[in-house]
Structures are given as C-alpha cells and as structure tokens.
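# Secondary and tertiary structure notes
Now for the letters of each chain:
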Amino acid sequence: MKSIAELEEIRKKTLEQINMRKNNERLRVVVGMATCGIAAGARPVMNALLEELKRRNVNDVSVTMTGCIGVCKLEPIVEVINPDGSKVTYVKMTPEKAVRVVAEHIVNGRICRDYTIGAEEGK
Amino acid sequence: MRDLSLHLLDIIQNSIAAKAGKIITIIYANKLDDELGIIVEDNGHGMDKEFLDKVTDPFVTTRKTRKIGIGLPLLKSSSEMAGGKLDIDSARGKGTILKSTFKIGHIDRLPLGDISDTFVSLIAARPDIEFELKLDNGEKSFLFNSFEIKKKLDGVPITEYEVLSWLKEFIDEGVKTIFGGVLNEVDS
C-alpha cells in the first residue's frame, strides 16, 4: 500500500538534490492536449517524455500542455521551446519518437529533423 | 476517445481554459443501479445560459482556430450510446458542473482507462491548479487532493519525477481498491 510516509521519504531525498541544482529552465516542452491531440495519442507521448527525462535525470526542462495548436491532422504535436522563444515543432509523435527527441534534441542538442513539421509538410 | 480517462482529460481542459483554480472530479460506480458516473466541478468563469444551451453542438466553441469543438459532443455521444446521459450546469462567474453517466454493464460502455495517467499529466503540466479526485463505489471511497500532497511535500515541487511516480501508483491503488470487482476492466 502506498503511504504518505513514503512521500516524506521522497521529500527528504529530493530536497537534497534540489538544493544542489541550478534553477535555470533550459527548455520548455509543450504537448498539444486538446480533443484532437488526446484522441491521436498525446497522453502516452507526454508520459513517455516525463519517463525519459526522469530516466536520464534531466531537471532543467519543464513539460506542460496546451490547447489545440491548429493543425489537428498532424497531432500529437510536441513543441520544444528555447528561452528566447524560438521553437521546434514535432508532429505525428509517438512514445517511441518522444524518447528519441529527449535523447537527441533535449540531451544532445541535435534536432530530429525527420519528425519536424517542416519535414512532414515537405513530403 | 478510446476510454473514459481520455474523455476526462479532455473535458478537464475546458475547466483549465475557463481559468479554474480548483477542479474536483468524482467517479462513482454503483453496481446495484448499474450506473457509472463522472462528475467534474470547477470554479472557472462558467458559461451564460445562451452558450450552455448549445454547448454540446459541435459547431459551437470558444476557440479561435476554427469553428468546431467536439470534446463535449463526443462525451455526450459516449454517454448516450451506453444508456447514460450528459448534464451540464453552469453560471457566469460561478463555475461549471458536469455529470456524465453510463450503464456499467452496457456493451458499448467505454472502459475506465488509465485514470492515474490522466491526473499525472494534468498535475505535471499545471501544478498551480488544485486537482481533487474522489472515487466511490457506494461502500468505500478514495480521496486525493493535489494541494494536500503539496502541503506534505513542503517545498519539494509536486512536479518532481519521483513524486509523480508516487502519485501514479497512489491513484492506481485507489482505482483498484474502489473499482476492482465493480468494473469488469479493473482487476481486484
């Protein structure tokens, strides 16, 4: 049974880590989570992003959701936004693609060009 | 939508769009009445009567990108095809309360789906909103409140991955305890 006592353990453990961290948000990841996105599978994509960021211990990236981005046929859509506002838009995402975006783009700084809206629209 | 947890995620987005600070979800399943219900109550900006009357019309929406919105019409149809219905009550400035029901044993009733995934995604994305979840089977109930957890965490963000993993398991256990043996798709 999950207990609140366990939560206290997590609190103690993470508090130490948080104190060592620099609080700069390096990137913001936004998942389109309107009816179109959800029906197309945005929730597993978002959870895959969270899982992979956790697995790789990435702490300077936030993951959030937004409404309809306006190109429902290309959902699930994930935007990776730099602090200066410039962004990369990934379309037709899957949990597998999300894992690759975390590894290549978010961790190693190489944009996964074949998943971008530009590549998809150019087909 | 493939299951009720996805419908729930979708309609809660409406509460978020209505700038709600607190969103209460109640899921109840009563085997005796063969009724499963989802109630979502928010303190967002609400709707006036004119908008409320036509809100399940797919050609009515508040969004600007296009002139259709199918979140509520889809939920309405999922309810109705499983012998239930969708009721919405709202007042401008007060908030909205939505109730969607289903016959548990109806062959077209959608499965519950992954309720914990829905809440973990919502909390990860919007830790500033107070999410409350109550599960009830007529005998026992389970209560979860994201702000209560926040208080316990005392300074550690609720969006920490470790905390989110704990939340997922905590809600999963709640679903199993309350709906195991009540809904066929949930193992007891």
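Scroll up to find the structure.
Overview of the structure. Treat the numbers as computed from the prediction; the structure is a model and nothing was measured.

### Concerning the nonpolar core
The nonpolar side chains of a soluble globular protein tend to be buried, and buried together. In this structure, Ile27(B), Leu167(B) and Phe179(B) are the most contacted members of the largest nonpolar core, which totals 87 residues. Looking at this core, the element that brings in the most residues is helix 6 (residues 161-179) of chain B, giving ten residues.

### Observations concerning helix 3 (residues 42-55) of chain A
All names here are of chain A. Over its 14 residues, helix 3 extends 20 Å from the first C-alpha to the last, a length consistent with the 20 Å expected when each residue adds 1.5 Å. Of all the 14 residues making up helix 3, ten are buried; the element is thus mostly covered by neighbouring parts of the structure. Three or more residues of helix 3 are buried, namely Ala42, Arg43, Val45, Met46, Asn47, Ala48, Leu49, Leu50, Glu52 and Leu53. Once helix 3 ends, the next one or two residues include Asn57, with phi positive near 60°.

### Some details on the sheet that holds strand 3 (residues 78-81) of chain A
Residues and elements named next belong to chain A. The strand order 2-1-3-4 describes an open sheet built from four strands, whose pairing is mixed. Each edge of the open sheet is held by one strand with a lone partner, namely strand 2 (61-66) and strand 4 (87-90). Across the sheet, the axes of successive neighbouring strands diverge by a mean angle of 20°, strand direction being ignored.

### Overview of the interface of chain B and chain A
Taken together, the contact between chain B and chain A spans 35 residues of the former and 35 residues of the latter. Of the roughly 3,200 Å² buried between chain B and chain A on both sides combined, carbon and sulfur atoms contribute 63%. The largest contributions to the chain B side of the interface with chain A come from Tyr161(B), Glu162(B) and Trp166(B), which together make up 23% of the buried area. The interface formed by chain B and chain A includes two salt bridges. With a closest N to O distance of 3.8 Å, Arg11(A) and Asp154(B) form a salt bridge. Our count for the contact surface shared by chain B and chain A stands at eleven residue pairs in polar contact (both at pLDDT 80 or more). Among the secondary structure elements, those contributing two or more residues to the side of chain B that touches chain A are helix 1 (4-17), helix 3 (71-80), helix 4 (115-125), helix 5 (146-153) and helix 6 of chain B.

### Here we look at a nonpolar patch on the surface
Residue and element names in this part refer to chain B. Taken together, the side chains of Phe59, Ile68 and Ile70 make up a nonpolar region of the molecular surface, amounting to roughly 290 Å² of accessible area. Following the sequence through the fold, Ile68 ends up in the loop between helix 2 (49-53) and helix 3. Judged by relative accessible area, which is 34%, Ile68 ranks as partly exposed.

### Description of the sheet that holds strand 2 (residues 35-42) of chain B
Residue and element names in this part refer to chain B. Taken in spatial order, the six strands of this open sheet run 3-4-2-1-5-6, and their pairing is mixed. In this open sheet, the two strands that pair with only one neighbour each are strand 3 (86-91) and strand 6 (141-145). The mean inter-strand angle of the sheet, taken between neighbouring strand axes irrespective of direction, is 10°. Bridge count between strand 5 (residues 130-136) and strand 6: five bridges; the pairing is antiparallel. Bridge assignment links Asp136 to a residue of strand 6, and that residue is Ser141. Along the sheet, helix 3 makes contact with strand 3 and strand 4 (95-103), crossing strand 4 at roughly 30°.

### Here we look at the pairing of strand 3 of chain B
Along a regular strand, successive side chains alternate from one face of the sheet to the other. Residues and elements named next belong to chain B. Only one face of strand 3 is buried, namely the one carrying Leu86, Ile88 and Ser90, since none of Asp87, Asp89 and Ala91 on the opposite face is buried. By the bridge criterion, six bridges tie strand 3 to strand 4 in an arrangement that is antiparallel. When the sheet's bridge partners are listed, Ser90 is paired in strand 4 with Thr96. Counted along the chain from strand 3 to the antiparallel partner strand 4, the turn is three residues long, and its residue Gly93 has a positive phi close to 85°.

### With respect to the packing of aromatic side chains
Residue and element names in this part refer to chain B. Under the counting rule described, the total for this entry stands at three aromatic pairs over all chains. Ring geometry for Phe144 versus Phe170: centroids 6.3 Å apart, planes at 55°, classification tilted. Here the residue Phe144 occupies a position in strand 6, and Phe170 occupies one in helix 6, the gap between them amounting to 26 residues. Judged by its relative accessible area of 14%, Phe170 falls in the buried class.

### Some details on helix 1 of chain B
Residues and elements named next belong to chain B. Taking 1.5 Å of rise per residue, 14 residues should cover 20 Å, and helix 1 covers 20 Å from first to last C-alpha, within 8% of that figure. Across the 14 residues that make up helix 1, a large majority, twelve, are buried. Taken together, the buried positions of helix 1 are Leu4, Ser5, Leu6, His7, Leu8, Leu9, Asp10, Ile11, Ile12, Gln13, Ser15 and Ile16. Backbone geometry just after helix 1 places Lys19 at a positive phi near 60°.

### Topic: the environment of Asn57(A)
Among the secondary structure elements, Asn57(A) is positioned in the loop between helix 3 and strand 2. Residue Asn57(A) is classed as exposed on the basis of its relative accessible area, which comes to 57%.

### Let's talk about unusual backbone geometry
Peptide bonds are mostly trans, and most non-glycine residues show a negative phi. Look at the link from Glu75(A) to Pro76(A): it is a cis peptide, with omega at -10°. A positive phi angle, near 45°, is found at Lys92(A), a position not held by glycine. Its place among the elements puts Lys92(A) in the loop between strand 4 and helix 4 (95-107). The exposure class of Lys92(A) is partly exposed, given its relative accessible area of 37%. For Asp154(B), which is not glycine, the phi torsion reads 45° and is therefore positive. Position of Asp154(B) relative to the elements: it lies in the loop between helix 5 and helix 6.

Conventions and cut-offs
Residues numbered from 1 in each chain as written. Chains lettered and ligands numbered in written order. Predicted model: local features only at pLDDT ≥ 70, side-chain atom pairs only at ≥ 80, totals over all residues. Heavy atoms only, no water. Core = buried A, V, L, I, M, F, W, Y, C linked by side-chain atoms within 4.5 Å. Buried < 20%, exposed > 50% of the residue type's maximum accessible area, 1.4 Å probe, protein only. Helix = DSSP H or I, 4+ residues; strand = E, 2+ residues; numbered from the N terminus. Expected span 1.5 Å × (residues − 1). Pairing = 2+ DSSP bridges. Axes fitted to C-alpha atoms, helices over the stretch in contact; angles between N-to-C directions. Contact = heavy atoms within 4.5 Å. Buried area = accessible area lost by both parts, 1.4 Å probe. Salt bridge = Lys/Arg side-chain N within 4 Å of Asp/Glu carboxyl O. Polar contact = N/O pair within 3.5 Å; in protein donor to acceptor, adjacent residues only side chain to side chain. Patch = residues over 30% accessible without salt bridge, like charges linked within 9 Å, V, L, I, M, F, W, Y side chains within 5 Å. Areas by Shrake-Rupley, 256 points an atom, 1.4 Å probe, with all protein chains shown as cover. Phe/Tyr/Trp six-rings, centres within 6.5 Å; stacked < 30°, edge-to-face > 60°.

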